[in-house]
Amino acid sequence: MSARPAVKVTALAAHTPEAVRAALAARGWDAQPAWFAATGMQALVVLLEDVTEAEREGLVRWGAKAGADVLTGEGWALVGAPASRLAPLARPDRLPPGLERLAPDLGRFLAGYADPPRRWVLGGGGLSLDHPVLIGIVNVTPDSFSDGGRFATLDRAVAQAERLVADGCELLDVGGESTRPGAAPVPVEEEIGRVAPVIEQLVRRGLGPVSVDTRKAAVARAALAAGAAVVNDVSGLAFDPELARVVAEGGAGVIVMHMRGTPDTMDSLAVYRQVAADVAAELGAAAGRAEAGGVPPERIVVDPGFGFAKTPEQNFRLLDELATVVALGYPVAVGPSRKRFLGAATGRPVEDRDRATAVACALAWERGARLFRVHDAALAREALRVAGATTSPN
Ligand code: PMM
């Protein structure tokens, strides 16, 4: 009797559901059930904090029965399991008794994971997120660290915007106040005087949609009146309590970015227990400020704020663990363009960081970011086309 040959074993790529979907499709499964099963099989790990002793015990018992890995310590639990096995923990009708407090947050995460936002609604339209969306930077600050104020006049700003659009940008971000440490504060009237005429010109020339990079409600109000469709706030709606309401009333989209303190104090505040988890929690609160001010969730984008209150090492951790920010359920924008942490890795000066920026954008796409704020769009677009081509539509 001849022995059968060994069973053939092939390790599938498990960083996305794609390989499982493809394996099922190749064996005759229809597209929809194949994708559904593949996402259900995807391994997830969630960190639960502020859990009670009884909840810890309940989780350990549930894990043993459900075949999930559970590691716990005082006040926390790490739970690792395929998405399909975690799902009952988010269903009030199927939850083991004593674990009811888990359901709302876990449910929100799993719903967002299974059905990520595909569109960002802005004033007067929207942007599809099924491909990388480039946001071109139009700085009208005389002291911006990266283009040295070269576009400080209207004509130059328009020329820069035209090039960014030709290179594939779908949104232009106009900023009139530098956020680098030590930059002189800009009075409201002066900031409006810088950004409003540029926004008006860009919109009139059909180069929009346009966003305004400001922390101030008065500037945002003037920018929206000039035709801006988005407010991009590096303070995550923490600087000016009026800003969320201005966004809501203007029917605009908003980017809430993570930072701590102000540009002058932020470097001393770069202390985190675990940077991605802490940034995600603080960004969740920032998005909550937007919603509390009346901004509908489909108009909100979150941004981890590379370079703001983060050391180079923390920026790289955050880039690697970006999925934690994506799990908040809002579309994610990133702005690594020409920043210091890229210089720390490459040794390149600020004017020679566009290749490093393009690589950072590609890595961020792979981890779930959908919008990319850049100075040079041509290189980033190429990198993102390659990265985008590895991601199958679902
Ligand atoms: N970075 C800067 C300014 N605004 N906005 C968002 N959403 N994300 C960023 O990372 C960000 C930002 C600072 O860079 P710059 O002075 O080159 O524009």
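Residues numbered from 1 in each chain as written. Predicted model: local features only at pLDDT ≥ 70, side-chain atom pairs only at ≥ 80, totals over all residues.

Description of the overall build of the chain
Point 1. A count of helices and strands for the chain gives 15 helices and 13 strands.
Point 2. Taken over the C-alpha trace, the chain has a radius of gyration of 23 Å; the compact-globule value for 394 residues is 21 Å, and the two agree within 12%.
Point 3. Principal axes of the C-alpha set define a box for the chain whose edges measure 85 × 50 × 40 Å.
Point 4. Out of the 394 residues belonging to the chain, those deemed buried represent 42%.
Point 5. The contacts of the chain with a sequence gap of at least 6 include a subset with a gap of at least 24, amounting to 64%. (Helix = DSSP H or I, 4+ residues; strand = E, 2+ residues; numbered from the N terminus. Rg over C-alpha atoms; globule rule 2.2 N^0.38 Å. Buried ≥ 20, exposed ≤ 12 C-beta atoms within 10 Å, placed from the backbone. Contact = placed C-beta atoms within 7 Å.)

A word on the sheet that holds strand β1 (residues 43-49)
Point 1. Here 3 strands make up an open sheet; going across it, the order is β1-β3-β2 and the pairing antiparallel. Only two strands of the sheet have a single partner each, and these edge strands are β1 and β2 (69-73). Strand after strand, the sheet turns through a mean of 10 degrees between neighbouring axes, direction not considered.
Point 2. Where β2 meets strand β3 (residues 76-82), 5 bridges bridge the pair, whose relative direction is antiparallel. Within β3, the position partnered with G73 by the bridge is W76.
Point 3. Seen against the sheet, helix α3 (residues 53-66) touches β2 and β3 and runs at an angle of roughly 165 degrees to β2. (Pairing = 2+ DSSP bridges. Axes fitted to C-alpha atoms, helices over the stretch in contact; angles between N-to-C directions.)

Side note on the sheet that holds strand β6 (residues 133-139)
Point 1. With parallel pairing, the 8 strands of this open sheet are ordered in space as β11-β10-β9-β8-β7-β6-β13-β12. Each of the sheet's edge strands pairs with one partner strand only, and the pair in question is β11 (300-303) and β12 (333-334).
Point 2. In this sheet, strand β13 (residues 371-374) lies alongside β12 in parallel orientation, the contact comprising 2 bridges. Counterpart to A333 in the pairing with β13 is L371.

Digging into helix α1 (residues 18-25)
Point 1. Along α1, the residues that are buried comprise V20, R21 and L24. The buried residues of α1 occupy an angular sector of 100 degrees when projected down its axis, which confines them to one face. (Arc of directions from axis to C-beta.)

A short note on helix α11 (residues 312-320)
Point 1. Listed as buried for α11 are Q314, N315 and L318. With its buried residues spanning 105 degrees around the axis, α11 presents them on a single face.

Things to note about the domain arrangement of the chain
Point 1. As far as domains go, the chain holds domain 1 (18-114) and domain 2 (119-389).
Point 2. Taking only C-alpha atoms into account, the centre of domain 1 sits 33 Å from that of domain 2. (Domains from an automatic or database assignment.)

Examining the environment of D50
Point 1. Along the chain, D50 falls in the loop between β1 and α3.
Point 2. In the structure, D50 is positioned 26 residues away from W76 in sequence and 6.1 Å away in space, judged by C-alpha atoms.

Focus on the nonpolar core
Point 1. Judged by nonpolar contacts, the single largest core of 90 residues is most densely connected at I199, A223, V256, C361 and F372.
Point 2. The greatest single-element share of this core, amounting to 8 residues, is contributed by helix α10 (residues 275-292).
Point 3. When residues no more than four places from it in sequence are discounted, the contact partners of V256 are D233, G236, L237, L283, A286, A287, A290, I300, V302 and D303.
Point 4. Judged by nonpolar contacts, the second largest core, of 12 residues, contains L48, L59, A77 and L86. (Core = buried A, V, L, I, M, F, W, Y, C linked by C-beta atoms within 7 Å.)

Some thoughts on the pairing of strand β9 (residues 230-233)
Regular strands have side chains that alternate between both faces of the sheet.
Point 1. Of the two faces of β9, the one carrying V230 and N232 and the one carrying V231 and D233 are both buried.
Point 2. In this sheet, β9 lies alongside strand β8 (residues 210-213) in parallel orientation, the contact comprising 3 bridges. Each residue of the ladder has a partner; that of S211, found in β9, is V230.
Point 3. In terms of handedness, the path from β8 via helix α8 (residues 217-225) over to β9 forms a crossover that is right-handed.
Point 4. For β9 and strand β10 (residues 253-257), the ladder comprises 4 bridges, and the chain directions are parallel. Note on β10: the bridge partner recorded for N232 is I255.
Point 5. With helix α9 (residues 243-249) bridging β9 and its parallel neighbour β10, the resulting β-α-β unit is right-handed. (Right-handed = clockwise from strand over helix to strand, strands pointing away.)

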